[in-house]
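# Breakdown of the fold
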Amino acid sequence: MKTTYNKLIRDKIPQKIEAAGKTSKQSTLSHEDYVKELNNKLTEESNEWFESSDVEELADILEVVMALAAEKGVGFEQLVEIANSKRDKRGGFKERLFLEEVYE
């Protein structure tokens, strides 16, 4: 029996498949296709978060975000610095503010 996935997977998944007594077929993506599939994976992991609210899904989202940042030449520490700078300038989301209208 064959199951088709056609999606980006974590690096150790082929070994886990083999350890389960199965075989798999995978290929290495081009840079352009890799970025496209990272974006697809971000959507997939976000949808899983929305469905489950499981913190494990947030960890998966973070892994994808770190890979996307790396593709932009930004490491995790630098990404955190950028987030901290934005939080210093614009704030975070702790106050749960919801903008309804702006009047001129």
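Look above for the structure.
Residues numbered from 1 in each chain as written. Predicted model: local features only at pLDDT ≥ 70, side-chain atom pairs only at ≥ 80, totals over all residues. Heavy atoms only, no water.

With that settled, the discussion passes to the pattern of salt bridges. Evaluated as defined, the whole model comprises three salt bridges. Close ionic contact of arginine 10 with aspartate 60 constitutes a salt bridge, the shortest N to O distance being 2.9 Å. Of the two residues, arginine 10 is situated in the segment before helix 1 (13-19) and aspartate 60 in helix 3 (residues 55-71); the sequence distance between them amounts to 50 residues. On the basis of relative accessibility, which here comes to 44%, the residue arginine 10 falls in the partly exposed class. (Salt bridge = Lys/Arg side-chain N within 4 Å of Asp/Glu carboxyl O. Helix = DSSP H or I, 4+ residues; strand = E, 2+ residues; numbered from the N terminus. Buried < 20%, exposed > 50% of the residue type's maximum accessible area, 1.4 Å probe, protein only.)

Further remarks concern the nonpolar core. Core analysis: the largest hydrophobic core is formed by five residues, namely Leu8, Leu38, Val64, Ala67 and Leu68. Counting residues per element, this core draws most heavily on helix 3, which supplies three residues. Aside from chain neighbours lying at most four places away, what touches leucine 38 is Leu8, Val64, Ala67, Leu68 and Glu71. (Core = buried A, V, L, I, M, F, W, Y, C linked by side-chain atoms within 4.5 Å. Contact = heavy atoms within 4.5 Å.)

Along the chain, leucine 62 turns up in helix 3. In this structure the C-alpha to C-alpha distance between leucine 62 and leucine 42, which are 20 residues apart in sequence, comes to 9.0 Å.

A separate point is helix 4 (residues 76-90). Along an α-helix, residues three or four positions apart point the same way, because every turn accommodates 3.6 residues. Relative to the 21 Å expected for 15 residues at 1.5 Å per residue, helix 4 spans 21 Å between its end C-alpha atoms, a close match to the ideal helical length. Following helix 4 by one or two positions, glycine 91 adopts a phi angle in the positive range, close to 90°. (Expected span 1.5 Å × (residues − 1).)

Once that is clear, we can look at unusual backbone geometry. Of note, asparagine 6 is a non-glycine position whose phi angle comes to about 45°, a positive value. As for its placement among the helices and strands, asparagine 6 is situated in the segment before helix 1.

So, about the layout of surface pockets. A probe matching the size of a water molecule, rolled over the atoms, marks out where space remains unfilled. Roughly 1500 Å³ of internal volume is contained in the largest pocket. Taken together, 33 residues line the largest pocket, and the ones lying closest to its centre are Lys7, Leu8, Ile9, Arg10 and Ile13. Listing elements by their share of the lining of the largest pocket, those giving two or more residues are helix 1, helix 2 (31-52) and helix 3. In terms of residue count, helix 2 provides more of the lining of the largest pocket than any other element does, seven residues in total. Tallied by class, the residues present in the lining of the largest pocket amount to twelve nonpolar, eight polar and 13 charged. One number sums up the size of the second largest pocket: a volume of about 240 Å³. In this structure, the second largest pocket is lined by Ala83, Lys86, Arg87, Arg90, Gly91, Gly92 and Phe93. (1 Å grid on protein atoms, 1.4 Å probe; cavity = no way out; pocket = protein on both sides within 12 Å on 5 of 7 lines; lining within 4 Å. Points joined across faces, edges and corners; volume = space filled by probe spheres on them. Nonpolar A, V, L, I, M, F, W, Y, C, P; charged D, E, K, R; others polar.)

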